[in-house]
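Summary of the model geometry
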Amino acid sequence: ALDEVNVVATKNEAGQATSSKIGRQAIDHLQATSLADLMQLLPGQLLRQNSDMTSPEQFYLRTLNADKNNAFGVSIMVDGIPMSNDVNLNSNEFNVVGGGYDLRKIGTDNIESVEVIRGVPSVEYGDLSAGAVIVKTSVGKSPYQARVKVNPSIVQASLGKGWRLGNDGGFLNGSFDYLKSSGDPRKKTNSFDRINASVAYMNTFGVWRMTTRFGYSGIIDNIQQDPDEVEDGTYTENKDYTLKFSHEGTFSFNKALSRTLRYNVGVTTGHSDYFTSKIVSSSTGRAPIFTAKEEGIHEAILLPASYATSGGTIGKPLSVFAKVSNDFFVKVGPLNQRFNLGVEYRYSKNRGKGDYNTNDALPLRPTSARPRGFNEIPALNQLAAYFEDNIMLNINECPITIQAGLRYTVLQPGKSESVWSLSPRVNLSFSPLKWLDVKAAYGKNAKTPGLTHLYPDLKYVDRMIVNYGTGNPDEQYMLYDTRIIHVNNSSLKNSTTTRYEVGFDVKLPKDRMVSISAFRDKNDLGFGSLSKYVTYAFDYYDTSNGGVVPNQGEGKPTVDYTKPYKRDTVMTTTGETGNTSGSVNEGVELEINLGKINPI
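Residues numbered from 1 in each chain as written. Predicted model: local features only at pLDDT ≥ 70, side-chain atom pairs only at ≥ 80, totals over all residues. Heavy atoms only, no water.

Some details on the sheet that holds strand 25 (residues 477-485)
Taken in spatial order, the three strands make up an open sheet running 14-25-24, and their pairing is antiparallel. The two strands at the open ends of the sheet, each matched to only one other strand, are strand 14 (296-299) and strand 24 (459-468). When strand polarity is set aside, the average angle formed by the axes of neighbouring strands in this sheet is 30°. Note: strand 14 against strand 25, four bridges, orientation antiparallel. Bridging from a neighbouring strand, Glu299 pairs with Leu479 of strand 25. (Pairing = 2+ DSSP bridges. Helix = DSSP H or I, 4+ residues; strand = E, 2+ residues; numbered from the N terminus. Axes fitted to C-alpha atoms, helices over the stretch in contact; angles between N-to-C directions.)

Set out below in structure tokens:
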């Protein structure tokens, strides 16, 4: 809204941490279709071929291994609101439970900038063990922008515009994006559709500057049979819809203890519907199913060797986020200090129906047909507070900058499964020469468990103890014994990473620069299966020992439970999750900035 602007400096969201900032020009040049495409611009990432977008896309920071803990520990922040995977429980080929957020949902045509924090982040950013991706979408006045992209696997079109609503009416932005992708252009049986739409309003009222955004994202994944086989009724479909409201604002008080007061409020809700129709078959003939939800001996239900059925999973994630932070400055002689302190609250809940069968008598999974309602699982409550001091000191024309802070996070306060962490982080840089900056950093990052880690389902241990038959399938009689393990993950801790980093920047003429950073990341508390076992004794019965007595007339055989023909001791895992996974990433990153190359 100003006629003239003098730009004297730009502040990175990362502060003093090692980071990569990707602007709109780089996004256009790359012709990115999702946030995953932009990650190849980071040091050490693989260059991507044209993505068909028919499978989930996660981001792994500073590693090429498909490490779920690494992806789960990357914080994705869009306009100050975290896009979390903490309450995702839809475990199927279209979702990654306990992994990273699916980057396919985030289109790039409305993004103004992306900053990836690779080093030790400010304590302002929490609930992460790897790094953070800070996404800013466009606001303000802009001309109509229409984009169309076509390649062998993707067709995409988008439209955006920003209006100025009079002298004091603020700014209104709108954008729309549609994408269709096929896994193989020769076959249309595997496809992906995405629709993104957003509206943003920004205005300034005295000392208050605010921006409000509404966003919608919808994706549809399809896996279908060949059209010649469609009469079988076998197909799979996944629909995922997300609605997001976010509001951020700043109050420029310019007081001694409150120069700038900032706040963020966001609500994200969604609906994830996975549905599959298929034919379940057994190679051994009629198949028994185990459906008991109580311990004891039960009669198995016998199903045909092949039957058509359907079902799926419905998830309804809800996330609420609120954050307030305060900045103020203190200057004493050559010492300049900027203090940043704040508090955060996160609420996450899955209100979905969970796993279901269209017909419970014909389950999708014959041997583990115990559907679970997600709405019965407790919500996650997380509180965090942080304090940070940014020190700027100039000694004998050698500028020294120190960013030091401490973050405290607690999940499920007041409950037996509560977990907490203290995360100290320090970034140091100094310039012994005008053309040389030396950097060092140390920090601890902590990622809290998700619903799948903290509240797993019951584990059912089933054993067939009677299998009597006369050769007539209608006279077959089966009994099974069920034991239930109440999985307890209350001793779970946060996934914690300790990071060390050293490096230097060499400044060359005409704003050119060479940067080298050496790092070591050690995660020794990652989430994984706990190798803890229990044993159960099961008795088995047959006719040879008199345990099973056939009924000479009509009716089922009788079982004499005092005459087992054998007893087996069965050992099984408890199904618990622990901090059993670990990784060490060490490497050197090289960045060369050749500055602006003028047109010839």
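Examining the pairing of strand 16 (residues 306-315)
For strand 16, the tally of buried residues reaches eight of 10 residues, placing the bulk of the element in the interior. Taken together, the 10 bridges between strand 12 (residues 258-281) and strand 16 define a ladder with antiparallel strand orientation. What sits directly across from Ile279, in strand 16, is Ala308. Strand direction decides the pairing type here: strand 16 and strand 19 (residues 354-357), joined by four bridges, are antiparallel. Bridge pairing in strand 19 links Ile314 to Gly354. (Buried < 20%, exposed > 50% of the residue type's maximum accessible area, 1.4 Å probe, protein only.)

Some thoughts on the side chain of Ser182
Mapping Ser182 onto the fold places it in strand 8 (residues 171-184). For Ser182, the contacting residues outside a window of four places in its chain are Asp52, Thr54, Ser153, Lys188, Asn190 and Ser191. (Contact = heavy atoms within 4.5 Å.)

A word on the pattern of salt bridges
Enumeration over the complete set of coordinates arrives at 34 salt bridges. In this structure, Arg213 and Asp79 form a salt bridge, with 3.2 Å as the shortest nitrogen-oxygen distance. Of the two residues, Arg213 is situated in strand 10 (residues 208-224) and Asp79 in the loop between strand 2 (74-78) and strand 3 (81-82); the sequence distance between them amounts to 134 residues. When sorted by exposure, Arg213 lands in the same class as Asp79, which is buried. One salt bridge connects Arg483 with Asp481, and the closest N-O pair in it is separated by 2.9 Å. Among the residues examined, Asp481 registers a relative accessible area of 9% and is labelled buried. (Salt bridge = Lys/Arg side-chain N within 4 Å of Asp/Glu carboxyl O.)

Here's the deal with a nonpolar patch on the surface
A contiguous nonpolar surface patch, about 420 Å² in accessible area, is contributed by Phe176, Tyr178, Ile195, Tyr216 and Leu243. Here Ile195 is to be found in strand 9 (residues 187-205). The exposure class of Ile195 is partly exposed, given its relative accessible area of 33%. (Patch = residues over 30% accessible without salt bridge, like charges linked within 9 Å, V, L, I, M, F, W, Y side chains within 5 Å. Areas by Shrake-Rupley, 256 points an atom, 1.4 Å probe, with all protein chains shown as cover.)

Points about the packing of aromatic side chains
Counted according to the given criterion, the structure contains 15 aromatic pairs. The interplanar angle of 45° and the centroid separation of 5.2 Å between the aromatic rings of Phe214 and Phe245 together place this pair among those described as tilted. Note that Phe214 is positioned in strand 10 and Phe245 in strand 11 (residues 235-255), a separation of 31 residues in sequence. You can call Phe245 partly exposed: its relative accessible area is 28%. Ring centres of Phe251 and Phe253 lie 5.6 Å apart, and the angle between their planes is 5°; on these two criteria the pair is classed as stacked. Residue class for Phe251 comes out partly exposed when judged on its relative accessible area of 23%. (Phe/Tyr/Trp six-rings, centres within 6.5 Å; stacked < 30°, edge-to-face > 60°.)

Observations regarding the environment of Pro288
Along the chain, the position of Pro288 falls in strand 13 (residues 287-289). Sequence separation between Pro288 and Tyr480 is 192 residues; the distance between their C-alpha atoms is 9.6 Å. With residues near it in sequence (within four places) discarded, Pro288 still touches Ala300, Ile301, Leu302, Pro366, Met464 and Met478.

Brief notes about the pairing of strand 21 (residues 398-411)
Sheet topology places strand 20 (residues 380-395) next to strand 21; 14 bridges connect them, and they run antiparallel. Its bridge partner lying in strand 21, Gln382 is registered against Leu411. Turn length for the strand 20-strand 21 hairpin, with the two strands adjacent in sequence and antiparallel, is two residues, and the turn residue Asn396 shows positive phi of about 50°. In this structure, strand 21 lies alongside strand 22 (residues 419-433), joined through 12 bridges in antiparallel fashion.

Here we look at unusual backbone geometry
Positive phi, normally seen in glycine, also occurs at Glu397, with a value near 60°. Mapped onto the elements of the fold, Glu397 is located in the loop between strand 20 and strand 21.

Looking at the sheet that holds strand 5 (residues 131-137)
Spatially, the five strands line up as an open sheet ordered 1-4-5-2-3, and their pairing is mixed. Either end of the sheet is taken by a strand with one partner, and the two such strands are strand 1 (19-23) and strand 3. In the sheet, strand 4 (residues 111-117) pairs with strand 5 via six bridges, with the strands oriented antiparallel. Opposite Ile117, over in strand 5, you have Ala132 as the bridge partner.

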